[in-house]
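The chain contents come next:
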Amino acid sequence: MAIPTKNIDPNPPTREPEDEVEELNDDEGEAEEEEDDEEEEGEEDDETLSNPQSLKDRSSTYKNKTESLFRRMRSAPVPVRVHDVIVKGNTKTKDHIIEAELDAVREASTLQELLEASRVANSNLRALDIFDSVNVTLDSGPPELPGTTNVIIEVVESKSPLTGQIGAYTRAEAKSSSVEASLKYKNIFGYGDIWDGSMIYGCDNSAEVGMGMYLPRFKGLPTPFSSRLYLSTQDWLAFSSYKERSLGLSLGLLSSKYHELVYTVAWRNLIDPSRSASKSIRRQLGHSLVSALKYTFKYDQRDSYLRPTSGYAFSSTSQIGGLAPDSRSLRFLKQEIDLRCAVPFGFYNTALNIGLSGGVTFPWGSGYQNRPTSVPERFFLGGNSSPVCSLGGPSALWGFKTRGLGPNEPKRKGYDERDFVGGDAAVTAFADLSFDLPVRWLRERGVHGHVFACAGNMAKLSENEFRNLTAPKLLETFRTSVGAGIVLPTSLFRMEINYCHVLKKQEHDRAKSGFFLTFSA
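**Focus: the overall build of the protein chain**
Working step 1: Check the secondary structure of the protein chain and you find ten helices and 22 strands.
Working step 2: In the protein chain, which comprises 521 residues, the share counted as buried stands at 44%.
Working step 3: Put simply, of all contacts in the protein chain between residues at least 6 apart along the chain, 59% involve residues at least 24 apart.
Working step 4: Of the roughly 27500 Å² of accessible surface on the protein chain, a fraction of 56% belongs to carbon and sulfur atoms.

Shown next as structure tokens:
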């Protein structure tokens, strides 16, 4: 009896667990005999066509067997052993790429475990993004081996391995937009490999060109391997009077559900075409080498990324730079943490989301206490993107412009503006209360309201500045804001129309109260 795994009812009715294994074996033996005896099956099919009553009887028999199996699965574990795993349809993809996702299927000892393992395997194979469809079917094993089953994997490889995308994106909080295009070629060598090229051009003169490669299995490693070569330009002239140009290579050494390890080596150049940069920015202009290893641990148990109503999440990112033996290699340590929690209230789908983020960066090596940190590795706060969606460290702060607060310095003589130079330590906190609106049409489409409050601050620690930092001084200079708005979630992003009121800001901060339209993903 062949059982497509996607059609199994996970909650069948219960029954008394009498003679379960014996009945399962009888069912499987009968199914196998029917498959082996083609002539008898052909005769039965002819009889079925000429006798509607026979068709009804067979349908009733199959239904009874299926319901019996469901009841036994409900009452107790049903022992079963995987006899063989059969892969079909992979004319180009190597067998071991598919079989690597089936270890749990082979090790299953009960039918319940086998169904769950098959579901996970189906999901993992689809996630490889090289198949148009994946079907996992459980069939009865050989009649001489009762209590066994064969797992049949049927895949349809992508008919169009070459895919492309192009789109325009806007960051309302930064008043910038960009055009992004990408091209992917899948499974060239049959190892599940994906090769891609991408190009991004921003209206603020930022740009990036990159080429990447992804392998789901590399040299027997249990995790995927990825690499990316990129050339990028970031324009921060309006905020900090410098442009950043980088040519680099990143290697994804470890990637799993909770862990990620990435090594990056890049040649970086900071320039000031405007010749208006402040003193601390001018000191860091020129070439430098970035050789850094970054480890990220992320654990997210929230029920939604766009509108969490229950659960919690934690993220920790540790980074060490200066692994190359070059004197121009930037030596720094960087640590970021992020805590999130969503508490449901039980009425009108109301939930309270609270979050606390913090980060610190510091140079290391000889004379580290007297050296400044690299500007691109510092923390910058601001921007009206929702902190509810982001998870990875301090960044957004409602009501404040991008790179619009924190340590700053006057530009060269003759310029009235100031450069925001970033901080070595940063902390942000927020609270967001979301609730359904009293209009049914809006509720059915996920449109809801929210009220929020947030606070944040930054400080300089390098060049012996940590000696001047005290807790009262840090709390005294905290920035805070509150607001309310309407949220329009989609499958891809979260759009908000908010009114934000800045309660507290410091001199030279770029912040204002008013209405804002923001997009977050």
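**Digging into helix H6 (residues 111-127)**
Working step 1: End to end, H6 covers 24 Å across 17 residues, agreeing with the expected 24 Å (1.5 Å per residue, within 8%).
Working step 2: Every buried residue of H6 is accounted for by Leu 111, Leu 114, Leu 115, Ala 117, Ser 118, Ala 121, Asn 122 and Leu 125. Each buried residue of H6 lies within a common arc of 165 degrees when the element is viewed along its axis, so the set occupies one face.
Working step 3: Of the residues trailing H6, Asp 129 is marked for its positive phi of about 65 degrees.

**A word on the environment of Thr 402**
Working step 1: Residue placement: Thr 402 occurs in the loop between strand S15 (351-363) and strand S16 (408-410).
Working step 2: Using a relative accessible area of 11% as the deciding quantity, one classes Thr 402 as buried.
Working step 3: In sequence terms Thr 402 and Asn 384 are 18 residues apart; their C-alpha atoms lie 7.9 Å from each other.

**Details of the pattern of salt bridges**
Working step 1: The final tally for this structure, using the stated rule, is 15 salt bridges.
Working step 2: Between Asp 436 and Arg 307 there is a salt bridge; the shortest N-O distance is 3.0 Å. Of the two residues, Asp 436 is situated in strand S18 (residues 425-436) and Arg 307 in the loop between strand S12 (286-300) and strand S13 (311-321); the sequence distance between them amounts to 129 residues.
Working step 3: Residue classification places Arg 307 among the buried positions, given a relative accessible area of 13%.

**Describing unusual backbone geometry**
Working step 1: In this model, Asp 129 sits at a positive phi of 65 degrees, which is unusual for a non-glycine residue.
Working step 2: Following the sequence through the fold, Asp 129 ends up in the loop between H6 and strand S3 (131-140).
Working step 3: Unusually for a residue other than glycine, Asn 187 sits at a positive phi of about 60 degrees.
Working step 4: Relative to the assigned elements, Asn 187 resides in the loop between strand S6 (176-186) and strand S7 (194-202).

**Brief notes about the packing of aromatic side chains**
Working step 1: Under the definition given, this model contains twelve aromatic pairs.
Working step 2: Centre to centre, the rings of Phe 345 and Phe 347 are 6.3 Å apart; their planes meet at 45 degrees, and the pair counts as tilted.
Working step 3: Using a relative accessible area of 40% as the deciding quantity, one classes Phe 345 as partly exposed.
Working step 4: With relative accessibility at 47%, the residue Phe 347 sits in the partly exposed group.
Working step 5: Three or more aromatic residues link up through ring pairs in this structure, and these residues are Tyr 258, Phe 297, Tyr 299, Tyr 312 and Phe 314.
Working step 6: It is Lys 334 that lies over the ring of Phe 379; its NZ or CZ is 4.9 Å from the centre.
Working step 7: A cation over an aromatic ring shows up here: Arg 403 above the ring of Phe 380, its NZ or CZ 3.6 Å from the ring centre.

**A look at the side chain of Arg 340**
Working step 1: Relative to the assigned elements, Arg 340 resides in strand S14 (residues 332-344).
Working step 2: Residue classification places Arg 340 among the buried positions, given a relative accessible area of 6%.
Working step 3: The contact partners of Arg 340, leaving out residues within four places of it in the chain, are Arg 302, Tyr 312, Ala 313, Ile 354, Gly 355, Ser 357, Pro 387, Val 388, Ser 390, Leu 391 and Phe 430.

**Observations regarding the pairing of S15**
Both faces of the sheet carry side chains from a regular strand, because those side chains alternate between them.
Working step 1: Judged from the 13 bridges that link them, S14 and S15 form a sheet pairing that is antiparallel. Bridged to Asp 338 within S15 is Ser 357.
Working step 2: The loop that links S14 with its antiparallel partner S15 comprises six residues; one of these, Gly 346, has a positive phi angle of about 90 degrees.

**Quick notes on the pairing of strand S8 (residues 207-215)**
Working step 1: Taken together, the eight bridges between S7 and S8 define a ladder with antiparallel strand orientation. Residue Asp 196 lies in a different strand from S8, and its bridge partner there is Gly 212.
Working step 2: Bridge count for S8 against strand S9 (residues 225-235) is nine bridges, and the pairing is antiparallel. Following the sheet pairing, Ala 207 is matched in S9 by Thr 233.

**Observations regarding a nonpolar patch on the surface**
Working step 1: A surface patch of nonpolar side chains, amounting to about 740 Å² of accessible area, comprises Met 199, Val 209, Met 211, Leu 229, Leu 231, Leu 247, Leu 249 and Trp 267.
Working step 2: Elements represented by at least two residues in the nonpolar patch include exactly S8, S9 and strand S10 (243-255).
Working step 3: Position of Met 211 relative to the elements: it lies in strand S8.

**With respect to the side chain of Ser 481**
Working step 1: Within the secondary structure layout, Ser 481 lies in strand S20 (residues 479-489).
Working step 2: A polar contact is formed between the side chain of Ser 481 and the backbone oxygen of Trp 398, at a distance of 2.8 Å.
Working step 3: Those residues in contact with Ser 481 that sit more than four places away from it in its chain are Trp 398, Phe 452, Ala 453, Cys 454, Cys 500, His 501, Val 502 and Leu 503.

**Here we look at the environment of Ser 274**
Working step 1: Within the secondary structure layout, Ser 274 lies in the loop between strand S11 (259-271) and helix H8 (279-282).
Working step 2: In this structure Ser 274 comes out as partly exposed when scored by relative accessible area, which is 33%.
Working step 3: Distance from Ser 274 to Ser 241, taken between C-alpha atoms, is 7.2 Å for residues 33 residues apart in sequence.
Working step 4: One polar contact links Ser 274 to Asp 272, side chain to side chain, over a distance of 2.7 Å.
Working step 5: In this structure the side chain of Ser 274 is engaged in a polar contact, spanning 2.8 Å, whose partner is the side chain of Ser 276.

**Digging into the nonpolar core**
Working step 1: Ile 98, Leu 114, Phe 131, Val 151 and Ile 153 are the most contacted members of the largest nonpolar core, which totals 28 residues.
Working step 2: Of all elements in the fold, only helix H3 (52-75), strand S2 (81-88), helix H4 (95-99), H6, S3 and strand S4 (148-157) reach the threshold of two or more residues within this core.
Working step 3: Those residues in contact with Ile 153 that sit more than four places away from it in its chain are Val 85, Ile 86, Val 87, Lys 88, Ile 98, Leu 102, Leu 125, Asn 135 and Val 136.
Working step 4: Listed in part, the 16 residues of the second largest apolar core include Leu 381, Leu 397, Cys 454 and Cys 500.

**What about the confidence of the model for the protein chain?**
Working step 1: For the protein chain, the average pLDDT comes to 84, and 86% of its residues sit at 70 or higher.
Working step 2: Looking over the protein chain, one finds the lowest element-wise mean pLDDT in helix H1 (residues 20-36), namely 40, and the highest in S13, namely 96.
Working step 3: Considering only residues more than four positions removed or in separate chains, one finds that residues 6-45, a stretch of pLDDT under 50, has 56 contacts.

Rules behind the numbers
- Residues numbered from 1 in each chain as written.
- Predicted model: local features only at pLDDT ≥ 70, side-chain atom pairs only at ≥ 80, totals over all residues.
- Heavy atoms only, no water.
- Helix = DSSP H or I, 4+ residues; strand = E, 2+ residues; numbered from the N terminus.
- Buried < 20%, exposed > 50% of the residue type's maximum accessible area, 1.4 Å probe, protein only.
- Contact = heavy atoms within 4.5 Å.
- Areas by Shrake-Rupley, 256 points an atom, 1.4 Å probe, with all protein chains shown as cover.
- Expected span 1.5 Å × (residues − 1).
- Arc of directions from axis to C-beta.
- Salt bridge = Lys/Arg side-chain N within 4 Å of Asp/Glu carboxyl O.
- Phe/Tyr/Trp six-rings, centres within 6.5 Å; stacked < 30°, edge-to-face > 60°.
- Lys NZ or Arg CZ within 6 Å of the ring centre and 35° of its normal.
- Pairing = 2+ DSSP bridges.
- Patch = residues over 30% accessible without salt bridge, like charges linked within 9 Å, V, L, I, M, F, W, Y side chains within 5 Å.
- Polar contact = N/O pair within 3.5 Å; in protein donor to acceptor, adjacent residues only side chain to side chain.
- Core = buried A, V, L, I, M, F, W, Y, C linked by side-chain atoms within 4.5 Å.
- pLDDT = per-residue confidence, 0-100.

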